[in-house]
Amino acid sequence: MRKPFVAGNWKMNTVAQSAVALAKAVAAEAAAPAEHGVDVAVCPPFVYLQAVAAAVDGSAVAVGAQDVYFEQQGAFTGEVSVSMLKDVGCTYVLCGHSERRHVIGEADELVNKKVAAAVAGGLKPILCVGELKSERQDSQTEQVVSRHLKKGLAGLATEQLASVTIAYEPVWAIGTGLTATPQQAQQVHAFIRNLLADLYDAATAERMRILYGGSVKPDNAAELMAEPDLDGLLVGGASLKADSFVQIIRAAI
Ligand code: PEP
């Protein structure tokens, strides 16, 4: 039985005060759903990680970073390492979010190094995969998702997958208000699980959590979560308001 997992990606939003206020409000409201068995995380900008970790300390809410660099230390101006993220209270880290792939220009090879460094260093990576609108229109969805998954997980041993979460995020649905239908999402989630079974084994594939992300809102969260291979939600815009994020967490029970 896979435990549902809801993560909020705040992207480049909030300031110190609003980040702490949002974190505290989510922590206060997430206690009851967490008791029902939902894992919850928030992913604020790097500069507010420590303050947010302090704000949710002792609650059911974990903290994740939005990115990481794969080297341990040294002359990598502007980058942040796995141990630094752990040092400020992170449990999770997003790797290969579509905005990093398509706005910043990260390639699969770099994403893979980040996933591997996170696992090796004791952070739990959330590997984001998903196709562009043009790729879906060209019937390339499975090909793209398969490439993101195979290259993103390259070199990882089966037992290392225990700390990895996959997030399927069709790029055309992120921040656009266009959500994949539950059936569209389920189709890709089932494809991902079958691929994991081929790449590793059926038991590992059954254990792995696959989140959906892309314009998740309180009014579509429950129908998405009703799909058998959807194990949680990665939420952008709707995680910036405590009440909508908490409604989404409740829908995941
Ligand atoms: C995201 O940033 O991962 C995301 C899914 O954003 P939104 O919910 O705003 O589409």
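What comes next concerns the included structure. Keep in mind that this is a model prediction, so the values were computed, not measured. (Residues numbered from 1 in each chain as written. Predicted model: local features only at pLDDT ≥ 70, side-chain atom pairs only at ≥ 80, totals over all residues. Heavy atoms only, no water.)

Moving on: the pairing of strand β6 (residues 165–168). Residues Thr165 and Ala167 line one face of β6 and the alternating positions Ile166 and Tyr168 line the opposite face, and both faces are buried. Note: strand β5 (residues 124–129) against β6, 4 bridges, orientation parallel. Counterpart to Val129 in the pairing with β6 is Tyr168. Alignment of β6 against strand β7 (residues 210–213), held across 3 bridges, turns out to be parallel. Opposite Tyr168, over in β7, you have Tyr212 as the bridge partner. (Buried < 20%, exposed > 50% of the residue type's maximum accessible area, 1.4 Å probe, protein only. Helix = DSSP H or I, 4+ residues; strand = E, 2+ residues; numbered from the N terminus. Pairing = 2+ DSSP bridges.)

All right, on to empty space enclosed by the protein then. Going through the model one piece at a time under the given rule, you end up with 1 cavity of 30 Å³ or more. Quantified by volume, the largest cavity comes out at close to 40 Å³. What lines the largest cavity is simply Gly96, Ser98, Arg101, Cys128, Val129, Gly130, His148, Glu169 and Val171. When residues of the lining of the largest cavity are traced back to their parent elements, those giving at least two are α4 (98–104) and β5. Residue classes in the lining of the largest cavity are distributed as 3 nonpolar, 4 polar and 2 charged. (1 Å grid on protein atoms, 1.4 Å probe; cavity = no way out; pocket = protein on both sides within 12 Å on 5 of 7 lines; lining within 4 Å. Points joined across faces, edges and corners; volume = space filled by probe spheres on them. Nonpolar A, V, L, I, M, F, W, Y, C, P; charged D, E, K, R; others polar.)

Volume-wise, the largest pocket comes out at about 430 Å³. Together, 16 residues line the largest pocket, and Lys11, Met12, Gln66, Arg100 and Ile104 are the ones closest to its centre. Considering each element in turn, the lining of the largest pocket owes the most residues, 4 residues, to α4. In terms of residue class, the lining of the largest pocket is built from 7 nonpolar, 4 polar and 5 charged. Computed from the structure, the second largest pocket encloses a volume of approximately 260 Å³. Classifying every residue of the lining of the second largest pocket by side-chain character gives 6 nonpolar, 4 polar and 6 charged.

These figures capture arrangement, not role.
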